[in-house]
Amino acid sequence: MHLVATAAAALLAIPGAQANLNQLAKAAGKLYFGSATDNGELSDSAYVAVLKNSNEFGQITPGNTQKWQYTEPSNGVFSYTQGDVITSFAQANGQVLRCHNLVWHNQLPSWVSSGSWTAAQLTDILNTHIASEVGHYKGQCYAWDVVNEALNDDGTYRTDVFYNVLGTSYIPIAFKAAAAADPAAKLYYNDYNIEYSGAKATAALGIVKLIQNAGARIDGVGFQGHFIVGGTPSQSALASVLNSFVTLGVEVAYTEVDVRFSSLPATSAGYTQQANDYAAVVGACLAVSKCVGITVWDFDDKYSWIPSTFSGQGEACLYWQNLTAKPAYYKVQSLLAAAATSTASTSTTAPTSTALITTTKPSSTSLPTTTKTTSTTTPTSTSTAAHWGQCGGNGWTGPTVCASPFTCKEQNAWYSQCL
Ligand code: G3I
């Protein structure tokens, strides 16, 4: 890690140079910064050119094709062809795999969800499915989301076929089967709306204890991180919840992050808020040493799941659909760079810059016309911005002068940064 950190520091010392998200996350002590993807997206060459850059995304999660409906569409009939496309892509590009998912009420074929099972039959079905799928991917997955979204938002258990037939016992059954099939894979419980304190987070803590008390192995908890612009908890609130899970002896990760606008079009102030919301999430992970990484639920608005699920909402990703980076991207990059620099300053290993690359500065003319604005706001602050800090952009009211020896460089119309 020190070598990576000092290499990042060497690059960051070059005026105007920038590193990519994964290399910065690793230099800051994390295992990865990653993205979900899906099979259909891999025919988009411009998108793939970004996704396959392991300096940018060092980890991949298959967004759909490892789910039960794809991998065991009929009882005892297994198909890994589509999932293998994603895992092969990640391996070809030197990217870590988070495998997703084994037991979920959704995208579950009707032969499972509509069957009239005895407890013994459904236990066999679970064991067979998990043994086959985890066995197929054995040695390839850094982590498996073993059980996904077992809880309702009020903290009660979701009454799907697994709970209705087996009660809570299906959860340790699933974890034991996964552990037997791949002893090296980290086994995660994964859910949304557990990122902040409340009944659901408390119930998720209960799931960790339930698994441990049953003598099964659980290694991690995944916090999906589907947030809303302006409604994202603070960094400290997020970190506090992460720590409450770490206390139980598990690692944690943000596994499906996006921050959507609840109404569109987005405003200039909205993009600034979105950047701050992403920063709260990334900052929380940086603040908790057992938070191993951050995965965005795709990096590009073109392939976000939000518009099809939440009508009229969207623009949730780090990149616009034309593959230019948003203010949120630069904010996350700054935060990771600052953490990498601080990690490197404690290292004694000789720096090297050979592993690092620069990003291309996006042109402001490539921003979507629907979000472009020519208005600027007069800065109200006279203080100076620190290295990596924001120093300009539409709607920016903070400092526009950088602390010596850094200069303010425009990244796009929305974001200038002290480099
Ligand atoms: O593949 C079919 C295609 O043949 C068909 O023409 C098309 C018509 O609608 O549907 C396609 O399937 C869609 C599938 O994604 C693949 O694109 C499904 O309709 C659609 O419902 C499905 O949505 C996925 C969703 O899970 C299902 O709940 C999203 O892509 C996927 O990103 C999303 O991921 C989940 C995580 O697994 C768990 N956490 C929440 C997250 C977001 O919902």
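Note that the structure is predicted; figures quoted are calculated from it, not measured. (Residues numbered from 1 in each chain as written. Predicted model: local features only at pLDDT ≥ 70, side-chain atom pairs only at ≥ 80, totals over all residues. Heavy atoms only, no water.)

Draft legend 1. A look at the overall build of the chain. In terms of regular secondary structure, the chain is built from 14 helices and 14 strands. Counting contacts in the chain only where the partners sit at least 6 residues apart, residues at least 24 apart contribute 75% of the total. Of the accessible surface of the chain, which amounts to about 15,600 Å², a share of 53% is contributed by carbon and sulfur atoms. (Helix = DSSP H or I, 4+ residues; strand = E, 2+ residues; numbered from the N terminus. Contact = heavy atoms within 4.5 Å. Areas by Shrake-Rupley, 256 points an atom, 1.4 Å probe, with all protein chains shown as cover.)

Draft legend 2. Structural detail: unusual backbone geometry. L264 connects to P265 through a cis peptide bond whose omega is 5 degrees. In this structure, the amide linkage connecting S404 to the following residue, P405, adopts the cis form with an omega of 10 degrees. In this structure, P405 sits in the loop between β12 (401-402) and β13 (408-412). Positive phi values are uncommon outside glycine, yet E315 reaches one of about 50 degrees. Mapped onto the elements of the fold, E315 is located in the loop between α13 (306-309) and α14 (327-344). On the basis of relative accessibility, which here comes to 17%, the residue E315 falls in the buried class. (Buried < 20%, exposed > 50% of the residue type's maximum accessible area, 1.4 Å probe, protein only.)

Draft legend 3. Local environment of the packing of helix α7 (residues 119-136) against helix α9 (residues 170-181). Close contact between α7 and α9 brings their axes to 9 Å; oriented N to C, the two are set at 35 degrees. Every pair of crossing elements has a handedness; the one defined by α7 and α9 is right-handed. Contacts from T123, L126, N127, I130, A131, V134 and G135 in α7 reach Y170, I173, A174, A177, A178 and A181 in α9. Split by residue class, the contact of α7 with α9 holds 10 nonpolar, three polar and no charged. (Axes fitted to C-alpha atoms, helices over the stretch in contact; angles between N-to-C directions. Left-handed = near helix turned anticlockwise from the far one by under 90°. Nonpolar A, V, L, I, M, F, W, Y, C, P; charged D, E, K, R; others polar.)

Draft legend 4. The arrangement of the nonpolar core in detail. In terms of nonpolar packing, the biggest core is built from 102 residues, with F33 and Y254 touching the most fellow members. Top contributing element to this core by residue count: α9, with nine residues. If you look at the next biggest cluster of nonpolar residues, it comprises six residues, including Y32, A143, A253 and V292. (Core = buried A, V, L, I, M, F, W, Y, C linked by side-chain atoms within 4.5 Å.)

Draft legend 5. Spatial organisation of the packing of α9 against helix α10 (residues 199-213). Running from N to C, α9 and α10 cross one another at 60 degrees; their axes reach a closest spacing of 9 Å. Relative to α10, the element α9 lies oblique. Like other packed secondary-structure pairs, α9 and α10 cross with a definite hand, here right-handed. Taking contact as the criterion, the partners of I171, P172 and F175 in α9 are, on α10, I207, L210 and I211. Looking at the contact of α9 with α10 residue by residue, the classes come out as six nonpolar, no polar and no charged. (Parallel < 35°, antiparallel > 145°, perpendicular 65-115°, else oblique.)

Draft legend 6. A look at the packing of aromatic side chains. The tally for this structure, following the rule as stated, stands at 21 aromatic pairs. For the pair Y47 and Y303, a centre-to-centre distance of 4.8 Å together with 75 degrees between the ring planes defines the contact as edge-to-face. Residue Y47 is located in helix α3 (residues 45-51), and its partner Y303 is located in the loop between β9 (291-296) and α13; the two are separated by 256 residues in the primary sequence. Y303 gets classed as partly exposed once you look at its relative accessible area, which sits at 22%. Taken together, the ring pairs connect F33, Y47, F57, F299, Y303, Y319, Y329 and Y330 into an aromatic cluster. Note that K200 overlies the ring of Y192, its terminal NZ or CZ placed 3.8 Å from the centroid. In this structure, R260 packs its charged tip against the face of F310, placed 3.9 Å from the ring centre. (Phe/Tyr/Trp six-rings, centres within 6.5 Å; stacked < 30°, edge-to-face > 60°. Lys NZ or Arg CZ within 6 Å of the ring centre and 35° of its normal.)

Draft legend 7. Seen up close, the environment of T384. Positionally, T384 belongs in strand β10 (residues 384-385). Through-space distance from the C-alpha of T384 to that of G398 is 8.7 Å; in sequence the pair is 14 residues apart. Discounting residues that sit within four places of it in the chain, T384 has contacts with P399, V401, C402 and A403.

Draft legend 8. Here's a closer look at α10. Look at α10: 21 Å from first C-alpha to last across 15 residues, which is about the 21 Å you get at 1.5 Å a residue. Buried residues of α10: K200, A201, A203, A204, L205, I207, V208 and I211, and no others. Lining the buried residues of α10 we find α9, β5 (186-191), β6 (220-223) and α11 (235-246). (Expected span 1.5 Å × (residues − 1).)

Draft legend 9. Highlighting the site of the ligand. Taken together, 16 residues sit near the ligand, with N64, K67, H100, E149 and E256 positioned nearest. Within the side chain of N106, one N or O atom sits 2.9 Å away from an oxygen atom of the ligand. With respect to the ligand, the side chain of E149 contributes an N or O atom lying 2.8 Å from a nitrogen atom. Protein burial of the ligand: of its 780 Å² of free accessible surface, 48% is covered by the chains. (Near = heavy atom within 4 Å. Polar contact = N/O pair within 3.5 Å; in protein donor to acceptor, adjacent residues only side chain to side chain.)

Draft legend 10. The arrangement of the state of the cysteines in detail. The tally for this structure, following the rule as stated, stands at two disulfides. Paired by a disulfide, C99 and C141 hold their sulfur atoms 2.1 Å apart. Taking the sign of the S-S torsion, -80 degrees for the link of C99 and C141, the bridge is left-handed. Placement of the pair is C99 in strand β3 (residues 96-103) and C141 in the loop between α7 and β4 (143-148), with a sequence separation of 42 residues. In this model, C285 is linked to C291 through a disulfide, with the two sulfur atoms separated by 2.0 Å. Sign of the S-S torsion, about -100 degrees for the bond between C285 and C291, identifies this disulfide as left-handed. Here C285 and C291 have matching classes, each one buried. (Disulfide = S-S within 2.5 Å.)

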